Amino acid sequence: MDLIKNKASTSTIDKGKQPAHEQVYQTLRSQILFGELVPGQPVTIQGLTDSLGVGMTPVREAIRRLISDGALVFQGNRRVSVPLLSPGDIQEMIFARTSIESELSRRATSNLQAEDIDHLERLDTHLDRMIADGDVGGYLRLNQAFHETLYSHANAPILSDLAERLWLRFGPSLRVVCGRFGTQSLPDRHKDIISALREGDAEKAAKATAQDIEQGMELMSDALTSA
């Protein structure tokens, strides 16, 4: 059984399924979310059309959406880049993420069945393996899958959309931190979250989620400011 949905990036677009602009968007979104495009890295529309094997129109549409998401910034001369985060940006994200994602965990608690929590626990077990193996890419995907799966049970589409946009903004920087310091130093409060979910304690789940976010984002802040 697949533990996570396959959102891995691809170098070419599979023509004939989704519209080209949607495929380009999803591919670039995955590359940004999991740090395959690093903060500050400029990319050109022409470069993307060449690497993805599509025309300029779907690339422009995908870029427009990603700029709207805050995942890319326009630099002019047909260039865009992944934004660099300042210390102030990270502090804002800590506030936004703890507020939004804690509420998502709180709302999800009463909607989760035992088999749903078992699935989250399996994700976390595989995540532990990625941490032990130093598999940065695997860690990033499973960590995102854990949170996305949990939040999907909150029945709060507006909050979930806001959370996804925030993940797009800090994902590339998290990849840099993982690459610099490895996965062993990363905090993991997922077991506390799972324990709270099994107890049906929504406030405890929200608190554990906030602690997980705060520790990870503070580590990112320390790493980026000392670089």
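Before reading further, recall that the structure is shown in the block above.
Residues numbered from 1 in each chain as written. Predicted model: local features only at pLDDT ≥ 70, side-chain atom pairs only at ≥ 80, totals over all residues. Heavy atoms only, no water.

Brief notes about the overall build of the chain
For step 1, the next point in the chain: Regarding its fold elements, the chain presents 9 helices and 3 strands.
For step 2, the next point in the chain: Along the chain direction, N to C, the helices and strands of the chain fall in the order α-β-α-α-β-β-α-α-α-α-α-α.
For step 3, the next point in the chain: For the chain, with 227 residues in total, the buried portion stands at 49%.
For step 4, the next point in the chain: Counting contacts in the chain only where the partners sit at least 6 residues apart, residues at least 24 apart contribute 75% of the total.
For step 5, the next point in the chain: Carbon together with sulfur atoms contributes 51% to the accessible area of the chain, which is approximately 10900 Å² in total. (Helix = DSSP H or I, 4+ residues; strand = E, 2+ residues; numbered from the N terminus. Buried < 20%, exposed > 50% of the residue type's maximum accessible area, 1.4 Å probe, protein only. Contact = heavy atoms within 4.5 Å. Areas by Shrake-Rupley, 256 points an atom, 1.4 Å probe, with all protein chains shown as cover.)

Digging into the pairing of strand 2 (residues 73–76)
Moving residue by residue along a regular strand, the side chains alternate between the two faces of the sheet.
For step 1, the next point in the chain: The pairing of strand 2 with strand 3 (residues 79–81) spans 3 bridges and is classified as antiparallel. Residue pairing for strand 3: Val-73 is matched across the bridge by Ser-81.
For step 2, the next point in the chain: Between the end of strand 2 and the start of strand 3, which pair antiparallel, lie 2 residues, with Asn-77 showing a positive phi angle near 55°. (Pairing = 2+ DSSP bridges.)

Brief notes about the sheet that holds strand 3
For step 1, the next point in the chain: Pairing is antiparallel in the open sheet, where 3 strands are placed in the order 1-3-2. Looking along the sheet, the strands with just one partner apiece sit at the ends: strand 1 (42–44) and strand 2. On average, each strand axis in the sheet is inclined to that of its neighbour by 35°, with strand direction left out of account.
For step 2, the next point in the chain: Taken together, the 3 bridges between strand 1 and strand 3 define a ladder with antiparallel strand orientation. Within strand 3, the residue paired with Thr-44 across the bridge is Arg-79. (Axes fitted to C-alpha atoms, helices over the stretch in contact; angles between N-to-C directions.)

Examining the side chain of Ser-105
For step 1, the next point in the chain: For Ser-105, the location among the structural elements is in helix 4 (residues 87–109).
For step 2, the next point in the chain: With relative accessibility at 0%, the residue Ser-105 sits in the buried group.
For step 3, the next point in the chain: The residues contacting Ser-105, other than those within four sequence positions of it, are Leu-150, Tyr-151, Ala-205, Ala-206 and Thr-209.

Section: helix 3 (residues 56–69)
For step 1, the next point in the chain: With 14 residues, helix 3 extends 20 Å between its outermost C-alpha atoms, agreeing within 8% with the 20 Å of an ideal straight helix rising 1.5 Å per residue.
For step 2, the next point in the chain: Residues of helix 3 that are buried: Pro-58, Val-59, Ala-62, Ile-63, Leu-66 and Asp-69. For helix 3, the angular spread of buried residues about the axis comes to 135°, placing them on one side. More than 90 degrees from the buried face of helix 3, the exposed residues found are Thr-57 and Ser-68.
For step 3, the next point in the chain: The inward-facing, buried residues of helix 3 abut helix 1 (20–33), helix 2 (45–52), strand 3 and helix 7 (157–181).
For step 4, the next point in the chain: Positioned one or two residues after helix 3, Gly-70 has a phi angle of 85°, which is positive. (Expected span 1.5 Å × (residues − 1). Arc of directions from axis to C-beta.)

Some details on the packing of aromatic side chains
For step 1, the next point in the chain: The full count for this structure, using the stated rule, is 1 aromatic pair.
For step 2, the next point in the chain: Note on Trp-167 and Phe-170: the rings are 5.0 Å apart at their centroids and 50° apart in plane angle, and the pair reads as tilted. One end of the pair, Trp-167, and the other, Phe-170, are both in helix 7, 3 residues apart, so they sit about a helical turn from each other. Like Trp-167, the residue Phe-170 is buried in the burial classification.
For step 3, the next point in the chain: A cation sits over an aromatic face here: Arg-65 above Tyr-25, 3.6 Å from the ring centre. (Phe/Tyr/Trp six-rings, centres within 6.5 Å; stacked < 30°, edge-to-face > 60°. Lys NZ or Arg CZ within 6 Å of the ring centre and 35° of its normal.)

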